[in-house]
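# Fold and geometry: a report
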Amino acid sequence: MAMITIPEFPKTKKLKSLAVLTSGGDAPGMNAAVRAVVRYSIANDIEVFGIMKGYSGLLEGQIEAMKLSSVANIIQRGGTVLKTSRCPEFMKKQVRKEAAYILERKGIEGLVVIGGDGSFAGASLLEKETGFRTIGVPGTIDNDIFGTDDTIGFDTAVNTAIEAIDRIRDTASSHGRLFLVEVMGRNSGFIALSTGIGGGAETIVVPEAEMTLPMIRKSIERGMNRGKTSSIIVVAEGPKPGLATRIGRGLEKAGFDSKICTLGHIQRGGVPTAHDRMLGSVLGAAAVAYLASGKSGGMVGITRNEVAFTPFKEVIGKKKTLPKVAMALAEILAT
Ligand code: F6P
């Protein structure tokens, strides 16, 4: 990751206090972002609070003043020290009104939400309806957020999945076996694509591209015809996890034995890579700088190695497309 510049801190700051929360699925590097929000705020004389357990903790009033030492020794830890939750209740207007009231009563003037698309939807509505200033920091292993090239946690998750594939390949090649490895990513194939290319998979199955059973069979046969005795197929879980098992059953009917390995939450935990620590640190500080200069109602992300602010309305609900060129490359390199 190249050095990324942080937006300049304004001469006259537009807020005196802010709070930070993590929401949705945890992602390695979230702690680096929390640490940056806290320390960059304090360095600029902004009072900073940590909200526990995402929006659920906010509604329960689990809000604590943060000091420099509150975020000591966390940059190398996976997960999130602030804890997290998925909070469907926050989709209710009345609940958001209550949340704004809780924040204002504590004297808090802005909110940094580290999370994914659903968490940003809550933040956006909160600001629209109550005027409470919010800013999003993209934190999810899926890398499926529109308006940023990269999300906190993606790099670590891909590295973890590739390490797993390297291990699986030892058995695959020793026994001459076919393995189907299911990776996370929900409706998006970014983890599968990067894991597949980086792990040298023979076939990659993603929700964004058609890959039928006969197509998978053909790719296995093509490998066998040129002397391959083992194969690794990376399968993105898609909207309904268990796809690798379903493909395995289909292949069995066609006479191919396969082993299934679902990586699951193993991909979400663990020590964040240098890249995710750097990304979390830069985006956390940038979020504070933007809020202080009066920018809110949007997400701070990375576009072509530059920190960029994108309004929530241009982010939420939009589908980030898998680069076609990378899909084509994966196919060429697998032959
Ligand atoms: O969004 C991150 C993610 O890990 C997805 O890849 C996965 O589908 C989902 O969260 C799993 O969610 P949970 O941990 O709530 O089961």
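Quick look at the structure, then. Since the structure is predicted, the reported quantities are computational estimates derived from the model, not experimental observations. (Residues numbered from 1 in each chain as written. Predicted model: local features only at pLDDT ≥ 70, side-chain atom pairs only at ≥ 80, totals over all residues. Heavy atoms only, no water.)

Glancing now at the overall build of the chain. Summing up its helical and strand segments, the chain has 10 helices and 11 strands in all. Taken over C-alpha atoms, the radius of gyration comes to 22 Å for the chain, in line with the 20 Å a tight globule of 335 residues would show. Within the span of the chain, comprising 335 residues, buried residues form 53% of the whole. When the accessible surface of the chain is totalled, it reaches about 14900 Å², and 53% of it is carbon and sulfur. Distance between charge centroids for the chain: 2 Å, based on 42 positive and 33 negative side chains. (Helix = DSSP H or I, 4+ residues; strand = E, 2+ residues; numbered from the N terminus. Rg over C-alpha atoms; globule rule 2.2 N^0.38 Å. Buried < 20%, exposed > 50% of the residue type's maximum accessible area, 1.4 Å probe, protein only. Areas by Shrake-Rupley, 256 points an atom, 1.4 Å probe, with all protein chains shown as cover. Lys, Arg positive; Asp, Glu negative; His and termini not counted. Charge placed at Lys NZ, Arg CZ, Asp CG, Glu CD.)

The next thing to look at is the site of the ligand. Around the ligand sit Arg86, Thr140, Ile141, Asp142, Met184, Gly185, Arg186, Glu237, His265 and Arg268, and that is every residue in its neighbourhood. Side-chain polar atom of Arg86 to an oxygen atom of the ligand: 3.0 Å apart, as the coordinates give it. A distance of 3.4 Å separates an oxygen atom of the ligand from a polar side-chain atom of Arg186. Taking 400 Å² as the accessible area of the ligand by itself, protein coverage stands at 75%. For the shell around the ligand, the residue count by class is 2 nonpolar, 3 polar and 5 charged. Residue-level mapping places the shell around the ligand at the junction of two domains, with at least three residues from each of domain 1 (17-153 + 272-314) and domain 2 (156-265). (Near = heavy atom within 4 Å. Polar contact = N/O pair within 3.5 Å; in protein donor to acceptor, adjacent residues only side chain to side chain. Nonpolar A, V, L, I, M, F, W, Y, C, P; charged D, E, K, R; others polar. Domains from an automatic or database assignment.)

Our focus in this paragraph is the side chain of Thr80. Relative to the elements of secondary structure, Thr80 occurs in the loop between β3 (63-65) and α3 (93-105). Here Thr22 takes part through its side chain, which lies 2.9 Å from a polar atom of the side chain of Thr80.

Turning next to the sheet that holds strand β1 (residues 17-22). Spatially, the 7 strands line up as an open sheet ordered β3-β2-β1-β4-β5-β10-β11, and their pairing is mixed. Edge positions in the sheet fall to β3 and β11 (306-311), since each of these pairs with one other strand and no more. On average, each strand axis in the sheet is inclined to that of its neighbour by 25 degrees, with strand direction left out of account. The sheet contact formed by strand β4 (residues 110-115) and strand β5 (residues 133-138) spans 6 bridges and is parallel. Bridging across to β5, Ile114 finds its partner in Val137. Where helix α9 (residues 274-292) meets the sheet, its contacts fall on β1, β4, β5, β10 (298-303) and β11, and the angle it forms with β5 comes to roughly 165 degrees. (Pairing = 2+ DSSP bridges. Axes fitted to C-alpha atoms, helices over the stretch in contact; angles between N-to-C directions. Contact = heavy atoms within 4.5 Å.)

Together, Ile197, Leu329, Ile332 and Leu333 line one region of the surface with nonpolar side chains, adding up to about 360 Å² of accessible area. Looking at which element gives the most residues to the nonpolar patch, the answer is helix α10 (residues 324-334), with 3 residues. Tracing the backbone through its elements, the reader meets Leu329 in helix α10. Note on Leu329: relative accessible area 39%, which makes it partly exposed. (Patch = residues over 30% accessible without salt bridge, like charges linked within 9 Å, V, L, I, M, F, W, Y side chains within 5 Å. Salt bridge = Lys/Arg side-chain N within 4 Å of Asp/Glu carboxyl O.)

In short, shape yes, function no, at least from these values alone.
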